[in-house]
Amino acid sequence: MFFLLIFPVLVAGFVACHIHPVHSYRLHRYEGQYLYLKSAELGLKCFFLASLAALALHYWLPDNVNICHRLFSWELLTWLTAQMTMVGAAEGSESSKMAWFIELSFLTFVAAYVLKLWAHFRLWLRFRKWDTKVYVIAEILEDSPLDNLLFSLSLAKDKNVMLMMEDRKVYVGRVIDLGEPSATGGMDQDILLIPLMSGYRHKDTLKVTFTTMYSEVDAEIVISLRQDNIVSATEFDFDAYRKWNPETSPRAVKDGEVAMSAPKVQKPTAKPKPAADA
């Protein structure tokens, strides 16, 4: 009977992975046997807490409680044993074992939420904030330079990123979202970008030429890009770009608008009038 506890232990551990404030963002990295082992680890923690709670309920709580002149019984195991015997599911000692199995299974699932609350409390002690999502994600993305850069720029409202794609397309804009992690995919799947301008990189000279100014359109345009297609990423500095490209560089950036310097146009020189015949 108690061998069957392995199933609620594993399922409770998997539930704990989904609702845990830290493991839920790392769940997409737990694949194959590692996912089973992680679920078993958290499930054993839940089972340990459930066992302590069951023993405390059995030995420390009184059998009967008087509330508003009404007598309530806390003998849950006795009641469950009687119910198992009444419905014919088990008899004798087997009914008592089944009652313990049901109680431990229920408390194991409850312990998964206890682990969640305890993790939130530990994060609060560390960061002194209840909303610690940003801090947790920042620590998880530290192992990837690209993810760390894009996440940092998404938090900064006054910084832009320049992305070069596999097809040599170049985008400059503000990262507004990296997506939410799921059970199969992390935050590094797609990004949302509010573009300021875009262009291409020459295949021979590798010089970037901007061809589209999105500020010329009276609409808020959002582009979704796959991170797998990003070749390089860097923070875009307009001052540095103006120095390196004085002829075609943006001369002003204000409120997300980009103004490009107009190319110099030489005025046609007037042709000299032929001298009048003397």
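Remember, predicted model here, so these are calculated numbers, not experimental data. (Residues numbered from 1 in each chain as written. Predicted model: local features only at pLDDT ≥ 70, side-chain atom pairs only at ≥ 80, totals over all residues. Heavy atoms only, no water.)

**Q** Explain empty space enclosed by the protein to me, please; I cannot follow it from the model alone.
**A** Over the atoms rolls a probe the size of a water molecule, and its path tells where empty space is left. Within this structure, the stated rule accounts for one cavity of 30 Å³ or more. In this structure, the largest cavity occupies an estimated 30 Å³ of space. In terms of lining, the largest cavity is formed by Met 162, Leu 163, Met 164, Val 170, Arg 201, Ser 232, Ala 233 and Thr 234. Among the secondary structure elements, those contributing two or more residues to the lining of the largest cavity are strand S3 (160-165) and strand S8 (230-236). (1 Å grid on protein atoms, 1.4 Å probe; cavity = no way out; pocket = protein on both sides within 12 Å on 5 of 7 lines; lining within 4 Å. Points joined across faces, edges and corners; volume = space filled by probe spheres on them. Helix = DSSP H or I, 4+ residues; strand = E, 2+ residues; numbered from the N terminus.)

**Q** Just checking my understanding: could you explain the pattern of salt bridges for this structure?
**A** Pairing between side chains of opposite charge can happen when the charged atoms of each approach one another. Per the counting criterion, the structure on display carries five salt bridges. In this structure, Asp 228 and Arg 226 form a salt bridge, with 3.5 Å as the shortest nitrogen-oxygen distance. Salt bridges linked by common partners bring Lys 38, Glu 41 and Lys 45 together as one network. (Salt bridge = Lys/Arg side-chain N within 4 Å of Asp/Glu carboxyl O.)

**Q** Looking at this model, I keep getting lost on the pairing of strand S7 (residues 223-226). Mind explaining?
**A** Looking along a regular strand, one sees side chains alternate from face to face of the sheet. Here S7 shows a clear split, with Ile 223 and Leu 225 buried on one side and none of Ser 224 and Arg 226 buried on the other. In this sheet, S7 lies alongside strand S5 (residues 190-201) in antiparallel orientation, the contact comprising four bridges. Residue pairing across strands places Leu 192 opposite Ser 224, the latter belonging to S7. (Buried < 20%, exposed > 50% of the residue type's maximum accessible area, 1.4 Å probe, protein only. Pairing = 2+ DSSP bridges.)

**Q** Could you clarify how one ought to interpret the layout of surface pockets in this entry?
**A** Reported here for the largest pocket is a volume of approximately 380 Å³. Of all the secondary structure elements, the ones that give two or more residues to the lining of the largest pocket are helix H2 (23-26), helix H3 (33-59), helix H5 (93-127) and helix H6 (133-140). Looking at the lining of the largest pocket element by element, the count peaks at six residues for H5. Split into classes, the residues belonging to the lining of the largest pocket amount to eight nonpolar, two polar and seven charged. (Nonpolar A, V, L, I, M, F, W, Y, C, P; charged D, E, K, R; others polar.)

**Q** Please explain the packing of helix H1 (residues 6-19) against H3 as it appears in this structure.
**A** To characterise two packed helices, one gives the angle between the axes of the helices and the distance between these axes. Close contact between H1 and H3 brings their axes to 7 Å; oriented N to C, the two are set at 100°. Considering their axes alone, H1 and H3 lie roughly perpendicular with respect to each other. Along the contact surface, H1 presents Val 9, Leu 10, Gly 13, Phe 14, Ala 16 and Cys 17, while H3 presents Leu 35, Tyr 36, Lys 38, Ser 39, Ala 40, Leu 42, Gly 43, Leu 44, Cys 46 and Phe 47. (Axes fitted to C-alpha atoms, helices over the stretch in contact; angles between N-to-C directions. Parallel < 35°, antiparallel > 145°, perpendicular 65-115°, else oblique. Contact = heavy atoms within 4.5 Å.)

**Q** Where do I start with helix H7 (residues 145-155) in this structure?
**A** Side chains of residues three or four places apart in an α-helix project in the same direction, reflecting 3.6 residues per turn. Every buried residue of H7 is listed here: Asp 147, Leu 150, Phe 151, Leu 153 and Ser 154. Considered in projection along H7, the buried side chains sweep an arc of 165° and stay on one side of the axis. Taken together, the buried residues of H7 touch H6, S3, strand S4 (169-177), S5 and S8. (Arc of directions from axis to C-beta.)

**Q** Would you take a moment to explain H6 for this structure?
**A** Residues of H6 that are buried: Val 136, Ile 137 and Ile 140. Looking straight down H6, one finds its buried side chains confined to an arc of 95°; they lie on one side.

**Q** Is there a simple way to think about the packing of aromatic side chains in this case?
**A** The relative placement of two aromatic rings is captured by the distance of their centres and the angle of their planes. This model, assessed by the stated rule, comprises six aromatic pairs. Judged by centre distance (5.6 Å) and plane angle (20°), the rings of Trp 124 and Trp 130 are stacked. Taking the relative accessible area as the measure of exposure, Trp 124 reaches 25% and is therefore partly exposed. Arranged with centres 4.6 Å apart and planes meeting at 15°, the rings of Phe 127 and Tyr 135 form a pair that is stacked. The exposure class of Phe 127 is partly exposed, given its relative accessible area of 21%. Of the residues examined, Tyr 135 reaches a relative accessible area of 31% and is grouped as partly exposed. Taken together, the ring pairs in this structure connect Trp 118, Phe 121, Trp 124 and Trp 130 into an aromatic cluster. Its guanidinium or amino end placed over the ring of Trp 124, Arg 128 lies 4.7 Å from that ring's centre, counting from NZ or CZ. (Phe/Tyr/Trp six-rings, centres within 6.5 Å; stacked < 30°, edge-to-face > 60°. Lys NZ or Arg CZ within 6 Å of the ring centre and 35° of its normal.)

Keep in mind these numbers describe shape, not what the thing actually does.
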